[in-house]
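Observations on the three-dimensional arrangement
Chain residues, written in single-letter form:
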Amino acid sequence: MVQRVLEVDKLKVGIKDDGEKIAIVNGISFYLHKGETLGIVGESGCGKSMTSLSLMGLLPPGVERHDGDVRLGDLHFKDFSKKDWRKIRGKKISMIFQEPMSSLNPVYTIGEQIMEMVLSHEKVSKKAARARALEMLKLVGIPRPEHVLDEYPYQLSGGMRQRVMIAIALSCNPEVLIADEPTTALDVTIQAQILELMKDIQNQLDMSIVLITHDLGVVAEMCDRVIVMYAGEIVEESLVVELFDNPKHPYTRGLIASLPDVDEQKEYLSSIPGVVPAPGNMPAGCRFAPRCTLAHERCNETPPLFETESGSQVKCWLFEEKKSEVVAT
Amino acid sequence: MTEEQNVLLKVENLKKHFPVKGGIFGNKTLQHVKAVDGVSFEVMEGETFGIVGESGCGKSTTGRTILRLLEPTEGNIYFQGRNLAELNNSEMRTLRKDIQIVFQDPFASLNPRMRVRDIIEEPLINFGVADRKERERRLLEVADQVGLTPAQLTRFPHEFSGGQRQRIGIARALISKPKLIIADEPVSALDVSIQSQVLNLMRDLQKELGLTYIFISHDLSVVKHFCDRIGVMYLGKMVEIAEKNRLYDKPMHPYAEALLSALPSPHPLKKKKRIILKGDVPSPSNPPSGCTFHPRCASCMDVCTTDQPTLQAVEDQHAVSCHLYTEAGKKSVAAGEPV
Ligand SMILES: Nc1ncnc2c1ncn2[C@@H]1O[C@H](COP(=O)(O)OP(=O)(O)OP(=O)(O)O)[C@@H](O)[C@H]1O
Ligand SMILES: Nc1ncnc2c1ncn2[C@@H]1O[C@H](COP(=O)(O)OP(=O)(O)OP(=O)(O)O)[C@@H](O)[C@H]1O
Ligand SMILES: [Mg+2]
Ligand SMILES: [Mg+2]
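As the structure is a prediction and not an experimental result, all values here were calculated from the model. (Residues numbered from 1 in each chain as written. Chains lettered and ligands numbered in written order. Predicted model: local features only at pLDDT ≥ 70, side-chain atom pairs only at ≥ 80, totals over all residues. Heavy atoms only, no water.)

1. Quick look at the overall build of chain B
When you go through chain B residue by residue, the secondary structure sums to 12 helices and 12 strands. Going through the 339 residues of chain B one by one, you find that 55% of them count as buried. Within chain B, contacts between residues separated by at least 24 positions form 63% of all contacts whose residues are at least 6 apart in sequence. For chain B, the exposed area adds up to about 14,600 Å²; of that, 49% sits on carbon and sulfur atoms. (Helix = DSSP H or I, 4+ residues; strand = E, 2+ residues; numbered from the N terminus. Buried < 20%, exposed > 50% of the residue type's maximum accessible area, 1.4 Å probe, protein only. Contact = heavy atoms within 4.5 Å. Areas by Shrake-Rupley, 256 points an atom, 1.4 Å probe, with all protein chains shown as cover.)

Okay, here's the thing in structure tokens:
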């Protein structure tokens, strides 16, 4: 059997409002195989970043894990101390953050920030760490890397900052990489280069990747398997080709239909009407039902994940008869 | 685009060079990063002008310099015929009501200590809309348009996801009903469905209010969908400006051609062969001689290494800066040089 490097079990993440727990991520479970690339897609605000930050033990103040567990190989995340985390982060599990400015330190130079990561995991000299930093900047395609090493984040363009983040995350050859919208600020040519780089490192080291992106082109290019999230829950899990050819959940179908097609001229793009419900204000039953054109009475009840013939899992009553229930949530 | 349209914004030979400091005390200027290096273009009233190009080529700097959030090193910017460089501070402040910007990095551009409602409303206060009820009405209207609920308005920026923050920035830019919006990667942090909602909204507002957009993006399918004319930037310069269909059907500049070949096809089994540009990304502080693209260009000729081409109209609504289309270049080809 293929080794599972990461296993997430009924993870609940949320905030406390007047002592009342409000879930942002509502009990999601998934796993990651060694060497695999798992995509996570879903509407803005559905909890993708909160899921990934909780995998790194880096939830922002006020947001906490309410329930569930995460296993990294044979390590139980519940037992980690601050010191354990420092050893694990960057080496066993590393993350490319969605917003470079929020994770780069404005008062340190780019070089110092990459070197710090290298020095905290490897017994190398400062000089060697600086050489590694320079090499990483070259690998992610930063022009005039010797100068950028001594520059501060504010002096870089949006895409350059994002690439610096990528350089930091990859500098210690992590076993698991969590990439939260790693290429949103990059043009297609550099995006292609970064995706190639991630694949190269993956092939060399059998790195496993969780790739969060709203760019379905990137999903198509990179992922083996895809999880679709909606309002803090997983609504579909499919192999990548299946997801594009035969999207099942009505939300996934809407998502695939919203893609702008370069070969077609349309004045307006199709989109899913309405907005995601806010945490703490979720509809009872299926959370997508208020926006779903196929909603019926049954949808007042929360559907479980159903397994379909193609092996996909779908949280929608429309798939009830087709196959038996897998997990009750 | 029709002939009678008025020019709303005219940018002439715009330059922005950043000093690179060094030396023992870090106070010596060693060289300059030529982030924007002689850019000229016009934007017509009611149109959407797209700016595309590699990361770091100077798109955001162009946008910020137009608004004079950065002082231009050289060049002129005319808005409705008035030279922005000649305006004093108070005139410039009034004018900011008419030109708004949506920043690329939503995290860095929203004040973390302000509630979202105050962030969005601020331009109205700055521009003297004193009536509270009116401000409230506008606030709820734009919030609704970008998909933020009234309950969310009382929260702080850090409580929002990346895509939600982007919508806060868009709402803030829309609220003062400007004439020109410089939208710097406005939808790149959004998932496709919200992206469509926001683009549809921007288009509706354009029709309703006659808005003009400068739309900066690296997403070529979005640009193709949304823009009327497109300028392609490379290393601080405009290398091609064309009406959208002309550009996508027949890119003239070899860089534009490579860029368009990299358009992703959104299906896992239809992976395309992309032209990945050879050679290193050159340094904007020490750009190559002649045509700055020549070290990476598959059609490079001798003349390209020495002479800098300029942007010239070669067809109707299609201008390009490349020796393949200049007299000097054609001579070079006639002399039997390989292309
Ligand atoms: N610090 C916080 N306090 C309270 N709520 C928060 C906080 N951070 C995020 N949220 C809420 O949690 C939800 C999930 O946010 P998250 O950042 O995980 O979304 P996302 O799926 O990554 O979206 P995007 O695609 O826009 O990045 C959102 O509704 C957001 O408003
Ligand atoms: N404040 C600054 N000080 C020094 N250099 C700067 C500053 N701002 C930008 N630069 C440099 O100017 C160049 C152009 O940056 P700009 O942000 O305009 O690029 P961009 O085209 O918007 O790229 P992206 O697509 O990555 O956002 C980069 O080389 C950058 O390092
Ligand atoms: Mg996110
Ligand atoms: Mg930019």
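Let us keep going from here.
2. A few points about the coordination of the magnesium ion (ligand 3)
All names here are of chain A. Listed as protein donors to the magnesium ion (ligand 3) are Ser-49 (OG) and Gln-98 (OE1); their distances from the metal cover 2.0 to 2.1 Å. Remark: Gln-98 occurs in the loop between β6 (93-96) and α3 (100-103) and Ser-49 occurs in helix α1 (residues 48-55); sequence separation between them is 49 residues. Each member of the pair, Ser-49 together with Gln-98, is buried. (Donors = N, O, S within 2.8 Å, 3.2 Å for Na, K, Ca; no water.)

3. Quick look at the state of the cysteines
Counted under the stated rule, the structure contains zero disulfides over all chains. Distance from the sulfur of Cys297(B), which forms no disulfide, to the nearest cysteine sulfur (Cys300(B)) is 6.1 Å. (Disulfide = S-S within 2.5 Å.)

4. Focus: the packing of helix α6 (residues 162-174) of chain B against helix α7 (residues 192-209) of chain B
Residues and elements named next belong to chain B. One way to put it is that α6 packs onto α7 with a least axis distance of 12 Å and a crossing angle of 5°. As the angle between them shows, α6 and α7 are arranged roughly parallel. Contacts between α6 and α7 involve Arg-167, Ile-170 and Leu-174 from the former and Ile-194, Val-198, Leu-201 and Leu-205 from the latter. Counted by class, the contact of α6 with α7 contains six nonpolar, no polar and one charged residues. (Axes fitted to C-alpha atoms, helices over the stretch in contact; angles between N-to-C directions. Parallel < 35°, antiparallel > 145°, perpendicular 65-115°, else oblique. Nonpolar A, V, L, I, M, F, W, Y, C, P; charged D, E, K, R; others polar.)

5. Let's talk about the site of ligand 2
Neighbouring residues of ligand 2: 20 residues in total, closest Gly159(A), Ser55(B), Gly56(B), Ser60(B) and Thr61(B). Residue Gln155(A) places a main-chain N or O atom 2.8 Å away from an oxygen atom belonging to ligand 2. Of all the elements in the fold, those that place two or more residues in the shell around ligand 2 are α7 (158-170) of chain A together with β2 (28-44) and α1 (59-66) of chain B. (Near = heavy atom within 4 Å. Polar contact = N/O pair within 3.5 Å; in protein donor to acceptor, adjacent residues only side chain to side chain.)

6. Considering a positive patch on the surface
Residues and elements named next belong to chain A. Taken together, the side chains of Lys-82, Lys-83, Arg-86 and Lys-87 make up a positively charged region of the molecular surface. Mapped onto the fold, Lys-83 is located in helix α2 (residues 82-88). Relative accessible area serves as the criterion here: at 56%, Lys-83 is assigned to the exposed category. (Patch = residues over 30% accessible without salt bridge, like charges linked within 9 Å, V, L, I, M, F, W, Y side chains within 5 Å. Salt bridge = Lys/Arg side-chain N within 4 Å of Asp/Glu carboxyl O. Lys, Arg positive; Asp, Glu negative; His and termini not counted. Charge placed at Lys NZ, Arg CZ, Asp CG, Glu CD.)

7. Quick look at the interface of chain B and chain A
On the side of chain A, 55 residues touch chain B, which itself brings 57 residues to the contact. The contact between chain B and chain A buries some 4,800 Å² in all, and 57% of this surface belongs to carbon and sulfur atoms. Where chain B packs against chain A, one counts zero salt bridges. Here chain B is connected to chain A by four residue pairs in polar contact (both at pLDDT 80 or more). Those elements that provide at least two residues to the side of chain B that touches chain A are β2, α3 (106-109), α6, α7, α8 (220-226) and α9 (244-249) of chain B. Sorting elements by how many residues they give to the side of chain B that touches chain A places α7(B) first, with 11 residues. Of the residues that constitute the side of chain B that touches chain A, the class distribution is 22 nonpolar, 23 polar and 12 charged. (Buried area = accessible area lost by both parts, 1.4 Å probe.)

8. Some words on the site of ligand 1
Taken together, 20 residues are adjacent to ligand 1, and Ser44(A), Gly45(A), Ser49(A), Ser161(B) and Gly163(B) come closest. Ligand 1 sits at the junction of chains A and B, each of which supplies nearby residues. Here Ser44(A) contributes a side-chain N or O atom positioned 2.6 Å from an oxygen atom of ligand 1. Arg155(B) places a side-chain nitrogen or oxygen 3.2 Å from an oxygen atom of ligand 1. Contact with the protein chains removes 96% of the 650 Å² of surface that ligand 1 exposes when unbound. For the shell around ligand 1, the elements supplying multiple residues, two or more each, are α1 of chain A together with α6 of chain B.

9. Observations concerning unusual backbone geometry
A positive phi is found at Ala231(A), a non-glycine position, where the angle reads about 45°. Mapped onto the secondary structure, Ala231(A) falls in the loop between β9 (225-230) and β10 (233-239). Even without glycine at this site, Glu185(B) takes up a positive phi of about 50°. Of the residues examined, Glu185(B) reaches a relative accessible area of 3% and is grouped as buried.

10. With respect to the confidence of the model for chain B
For chain B, the mean per-residue pLDDT works out to 86, and 90% of the residues sit at or above 70. With pTM at 0.84, the complex prediction returns an ipTM value of 0.74. (pLDDT = per-residue confidence, 0-100.)

11. Quick word on the packing of aromatic side chains
Residues and elements named next belong to chain A. Throughout the structure, instances matching the rule amount to 13 aromatic pairs over all chains. Seen in terms of ring centroids, Phe-77 and Trp-85 are 5.2 Å apart; in terms of plane orientation they differ by 90°. Their pairing is edge-to-face. Each member of the pair, Phe-77 as well as Trp-85, is classed as buried. An angle of 70° between the planes, with centres 5.6 Å apart, marks the rings of Tyr-251 and Phe-288 as edge-to-face. With Tyr-251 in helix α11 (residues 250-257) and Phe-288 in the loop between α11 and β11 (305-307), this residue pair connects regions lying 37 residues apart in the sequence. We classify Phe-288 as buried; its relative accessible area is 3%. An aromatic cluster of at least three residues, connected via ring pairs, comprises Phe-77, Phe-80 and Trp-85. (Phe/Tyr/Trp six-rings, centres within 6.5 Å; stacked < 30°, edge-to-face > 60°.)

12. Concerning the coordination of the magnesium ion (ligand 4)
Where a metal carries four tetrahedral donors, each ideal angle is 109.5 degrees; where it carries six octahedral donors, the ideal angles are 90 or 180 degrees. Taken together, Ser60(B) (OG) and Gln104(B) (OE1) make up the full set of protein donors to the magnesium ion (ligand 4), lying 1.9 to 2.2 Å away. Within this pair, whereas Ser60(B) is found in helix α1, its partner Gln104(B) is found in the loop between β6 (99-102) and α3, the two being separated by 44 residues in sequence.

13. Details of the UniProt feature "domain: ABC transporter" (unreviewed entry) in chain A
If you check UniProt for "domain: ABC transporter" (unreviewed entry), the listed places come out as residues 3-256 of chain A in our numbering. Each end of residues 3-256 of chain A is marked by a C-alpha atom, and these two atoms are 31 Å apart; helix forms 39% of the span and strand 29%. (UniProt positions renumbered as here; feature names shortened; annotations may be inferred.)

14. Description of the side chain of Glu151(A)
Secondary-structure assignment places Glu151(A) in the loop between α6 (145-148) and α7. Separated by 2.9 Å, the side chains of Glu151(A) and Arg144(A) make a polar contact. Those residues in contact with Glu151(A) that sit more than four places away from it in its chain are Thr109(A), Ile110(A), Arg144(A), Leu156(A) and Val20(B).

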